[in-house]
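Examination of the molecular architecture
Single-letter residue listing:
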Amino acid sequence: MPAQAYAGKECVCQFRKGICDQSCVRDMLETPLYIACLKLKGRNCLVVGGGDVGLEKVEGLLACDGDVTLVAPDAHPELQRLAEEGSITWHRKRYEPGDLEGKFMVIAATNDSEVNIGVYYDAEKRAMLVNVVDVPPLCNFILPAIVRTGPLAIAISTAGASPALAKRMKREISELFGEDYARLAVILNDARGWAKSTLPTYQDRKEFFEGIVNGEPDPIELVREGRESEVLELIERHKERAAAALAAG
């Protein structure tokens with residue numbers, strides 16, 4: 001179970017049961033989650049809490065070009081440095097509901113359950129995205145482990161059941177799908193303009209790219225062997241076939 005929700009510990013969720021009995025997370029593994037990638041560039045994101053976890057969340061938002069505001073009476077030295085250099089805005093105070101105004105999302109990373117609960121309810125009233133770290137009942141979205149290589153981003157989630165397993169999977173996936181896949185993604189992206197302007201339907205474009213990715217020779221093996229020119233030749237051959245099929249049909 002999540003770090004802050006296990007039987008016998010003081011309750012940290014909105015149900016205020018005194019001692020946690022895990023009832024708030026029993027359906028967690030059965031809850032279907034809609035997986036999406038959010039575009040944060042230029043969007044205002046709030047982090048409440050200035051400790052180590054707050055720093056981790058701030059860095060994750062900055063990596064995606066979010067405009068980050070931190071609300072916390074005190075902050076990790078690295079967060080102070082980010083504020084001093086202008087990378088984030090730091091309001092050195094306790095959280096208030098008004099801090100949510102104009103924000104796209106909020107992540108609460110405090111050790112004060114009442115503050116976290118307040119952030120959750122205040123955000124829900126505004127139909128905002130809200131995540132309270134390690135407390136699934138106080139979240140309407142979760143933050144999976146992410147493997148990033150170039151344009152590739154692979155999300156791993158165990159729905160909170162085992163963060164340790166998610167970390168192992170992240171390590172193994174990063175080894176399996178590395179720079180070769182990222183490079184191929186960039187090469188294929190260059191062909192998207194041609195496909196969109198030439199192939200009239202989604203199905204045509206789907207078959208075009210799947211023929212390249214899943215065909216022979218294997219484009220991943222060609223990239224791994226430093227034979228990118230042959231990948232480009234492969235794409236050109238598929239363009240010719242697709243264009244010929246379109247003309248004949």
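Bear in mind the structure is a predicted one, so any value in this text is a computation, not a measurement.

1. Side note on the pairing of strand β1 (residues 44–48)
- By the criterion of burial, β1 is predominantly enclosed, with 4 of the 5 residues buried.
- Where β1 lies against strand β2 (residues 67–71), 5 bridges are found, and the strand directions are parallel. Paired with Val 48 across the strands is Val 71, a residue of β2.
- With respect to chirality, the unit in which β1 leads through helix α1 (residues 52–63) into the neighbouring parallel β2 is right-handed.

2. Here we look at the nonpolar core
- With 19 residues, the main nonpolar core has Val 58, Leu 61, Leu 70, Leu 79, Ile 88 and Met 105 as its most contacted residues.
- At the level of elements, β1, α1, β2, α2 (77–84) and β4 (105–108) are the ones that each hand at least two residues to this core.
- Take this core: its biggest share by element is 3 residues, from α1.

3. Observations concerning the layout of surface pockets
- Considered as a void within the structure, the second largest pocket measures approximately 290 Å³ in volume.
- Breaking the lining of the second largest pocket down by element, the ones donating at least two residues are α5 (179–190) and α7 (202–214).
- In terms of residues, the lining of the second largest pocket owes the most to one element, α5, which gives 5 residues.
- Tallied by class, residues from the lining of the second largest pocket come to 7 nonpolar, 1 polar and 1 charged.

4. Looking at the pairing of β4
- Here β4 shows no split at all, with Met 105 and Ile 107 on one side and Val 106 and Ala 108 on the other all buried.
- Pairing of β4 with strand β5 (residues 129–132) involves 4 bridges; the strand directions are parallel. When the bridges of β5 are listed, Met 105 appears paired with Leu 129.
- Following the chain from β4 across helix α3 (residues 113–125) to the adjacent parallel β5, one finds a crossover that is right-handed.

5. Observations regarding the packing of aromatic side chains
- Tallying each qualifying case throughout the model produces 4 aromatic pairs.
- Here the aromatic rings of Trp 194 and Phe 208 are separated by 5.2 Å at their centres, their planes lie at 45 degrees, and the arrangement is tilted. With a gap of 14 residues between them, Trp 194 in helix α6 (residues 192–198) and Phe 208 in helix α7 connect regions that are remote in the sequence.
- Relative to Phe 209, the ring of Phe 208 lies with its centre 4.9 Å away and its plane at 70 degrees, an arrangement referred to as edge-to-face.
- For Phe 208, a relative accessible area of 4% puts it in the buried group.
- What makes Phe 209 buried here is its relative accessible area of 18%.

Conventions we followed
Residues numbered from 1 in each chain as written. Predicted model: local features only at pLDDT ≥ 70, side-chain atom pairs only at ≥ 80, totals over all residues. Heavy atoms only, no water. Buried < 20%, exposed > 50% of the residue type's maximum accessible area, 1.4 Å probe, protein only. Helix = DSSP H or I, 4+ residues; strand = E, 2+ residues; numbered from the N terminus. Pairing = 2+ DSSP bridges. Right-handed = clockwise from strand over helix to strand, strands pointing away. Core = buried A, V, L, I, M, F, W, Y, C linked by side-chain atoms within 4.5 Å. 1 Å grid on protein atoms, 1.4 Å probe; cavity = no way out; pocket = protein on both sides within 12 Å on 5 of 7 lines; lining within 4 Å. Points joined across faces, edges and corners; volume = space filled by probe spheres on them. Nonpolar A, V, L, I, M, F, W, Y, C, P; charged D, E, K, R; others polar. Phe/Tyr/Trp six-rings, centres within 6.5 Å; stacked < 30°, edge-to-face > 60°.

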